[in-house]
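A closer look at the structure
What follows is the residue order along each chain.
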Amino acid sequence: MAKTDKPYKTLLDQSAPYILALLGIPSPGKLIPLNLKYVYHERELDRLYRTDNPAEGIFHFEIQGRPDPEIGWRILRYRGLVESTYQTSAVSIVCFLKSNPSPGGLTEHVCIH
């Protein structure tokens, strides 16, 4: 984790239940942090949480500070990694640190149901 990420990740640890509530996701109970590195790019997923109830799946939060035209595809790869590693469904949420992450609005929109 980059030093500049640490304050944001600490804030996310404290705020994750409230972010889920803002998105209309019912309170999952206690969120338990997980660690998983994405070996291909030597990257660490920003935050992963599981709940007391494994049937509820995993919540993946990614903090994005600058425009990234590949963010949608990167999140899709991360989601596949998370779901195959933990053998459960995952919900990925990108937290943009700027209100306009790219000149055209959101950098990319990938939606899978």
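Everything below is about the structure shown above.
For the structure given in this document, a descriptive report is provided here. On a predicted model such as this, the values are computed, not experimentally measured, just so you know. Note on numbering: residues in each chain are counted from 1, in written sequence order. Under the rules for a predicted model, residues below a pLDDT of 70 receive no local features and side-chain atom pairs below 80 are neither given nor counted, while totals for whole chains, interfaces and linings still include all residues. The basis for the side-chain values is all heavy atoms of the structure; hydrogens and waters are excluded.

**Here we look at the nonpolar core**
What is meant by a nonpolar core is a set of buried Ala, Val, Leu, Ile, Met, Phe, Trp, Tyr and Cys residues, joined one to another through side-chain atoms within 4.5 Å. Partly exposed describes any residue whose relative accessible area lies between the buried limit of under 20% and the exposed limit of over 50%, with all areas from a 1.4 Å probe on protein chains only and scaled to the type maximum. Grouped together as the largest cluster of nonpolar side chains are 11 residues: L12, A16, I19, L20, L31, Y49, F59, F61, I63, I93 and C95. Strands are runs of DSSP state E lasting at least 2 residues, helices are runs of H or I lasting at least 4, and numbering of each runs from the N terminus. Every element with two or more residues in this core is listed here: α1 (6-22), β5 (58-64) and β6 (90-96). The leading source of residues in this core is α1, at four residues. With 10 residues, the next largest nonpolar core counts L36, I71, I75 and V82 among its residues.

**Some remarks on the pattern of salt bridges**
Criterion for a salt bridge: a side-chain nitrogen of Lys or Arg within 4 Å of a carboxyl oxygen of Asp or Glu. Counted under the stated rule, the structure contains four salt bridges. A salt bridge links K9 to D46, with the nearest nitrogen and oxygen atoms 3.3 Å apart. Of the two residues, K9 sits in helix α1 while D46 sits in the loop between β3 (43-44) and β4 (47-51), which places them 37 residues apart along the sequence. Note on accessibility: K9 and D46 belong to one class, buried. Across the salt bridge formed by E62 and R74, the nearest N and O atoms sit 3.3 Å from each other.

**Structural notes on the sheet that holds strand β1 (residues 31-34)**
Here, a strand pair is defined by DSSP locating no fewer than two bridges between the strands. Pairing within the open sheet is mixed, and its four strands lie in the order β1-β4-β5-β6. Either end of the sheet is taken by a strand with one partner, and the two such strands are β1 and β6. Shown here is a sheet whose adjacent strand axes are inclined to one another by a mean of 30°, direction ignored. As paired strands, β1 and β4 are joined by four bridges and run antiparallel to one another. For I32, the partnering residue across the bridge sits in β4 and is R50. Note on contacts: a residue pair is in contact if any heavy atoms of the two residues lie within 4.5 Å. With axes taken as lines fitted to C-alpha atoms, and helix axes fitted only over the stretch in contact, angles between N-to-C directions fall between 0 and 180 degrees. Running at roughly 130° to β5, α1 makes contact with β1, β4, β5 and β6 of the sheet. Along the sheet, helix α2 (residues 71-86) contacts β1, β4, β5 and β6; its crossing angle with β5, the most-contacted strand, is approximately 150°.

Everything listed here is a matter of geometry and, on its own, says nothing about what the molecule does.
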